[in-house]
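Residue-level listing of the chains:
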Amino acid sequence: MSQNDMQMAERTYSGFVTFAKWGTLAAVLVTALVILLIS
């Protein structure tokens, strides 16, 4: 694998990890809101 391919893979992975973090946070917040509304 060339250095350029490795840099691109690291950028893609970093973007995915960032998206996963924000997605998890959003899901937790929505879940908490729904639980508060139901109870």
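Every value quoted in this text rests on a predicted model; they were computed, and no experiment measured them.

Scanning the protein from terminus to terminus reveals 1 helix and 0 strands. Overall, the protein is about 55 × 10 × 5 Å in size when its C-alpha atoms are taken along their principal axes. Within the protein, the fraction of its 39 residues that count as buried is 0%. Total accessible area on the protein stands at roughly 3700 Å², and carbon and sulfur atoms take up 73% of it.

Looking now at the UniProt feature "transmembrane region" (unreviewed entry) in the protein. Taking the numbering used here, the UniProt-annotated feature "transmembrane region" (unreviewed entry) corresponds to residues 20-38. As annotated, residues 20-38 comprises 100% helix and 0% strand, and the C-alpha atoms at either end are separated by 27 Å.

Taken together, the side chains of Trp22, Leu25 and Leu29 present a nonpolar region at the surface, about 350 Å² in accessible area. Relative to the helices and strands, Trp22 is located in helix H1 (residues 3-38).

Basis of the calculations
Residues numbered from 1 in each chain as written. Predicted model: local features only at pLDDT ≥ 70, side-chain atom pairs only at ≥ 80, totals over all residues. Heavy atoms only, no water. Helix = DSSP H or I, 4+ residues; strand = E, 2+ residues; numbered from the N terminus. Buried < 20%, exposed > 50% of the residue type's maximum accessible area, 1.4 Å probe, protein only. Areas by Shrake-Rupley, 256 points an atom, 1.4 Å probe, with all protein chains shown as cover. UniProt positions renumbered as here; feature names shortened; annotations may be inferred. Patch = residues over 30% accessible without salt bridge, like charges linked within 9 Å, V, L, I, M, F, W, Y side chains within 5 Å. Salt bridge = Lys/Arg side-chain N within 4 Å of Asp/Glu carboxyl O.

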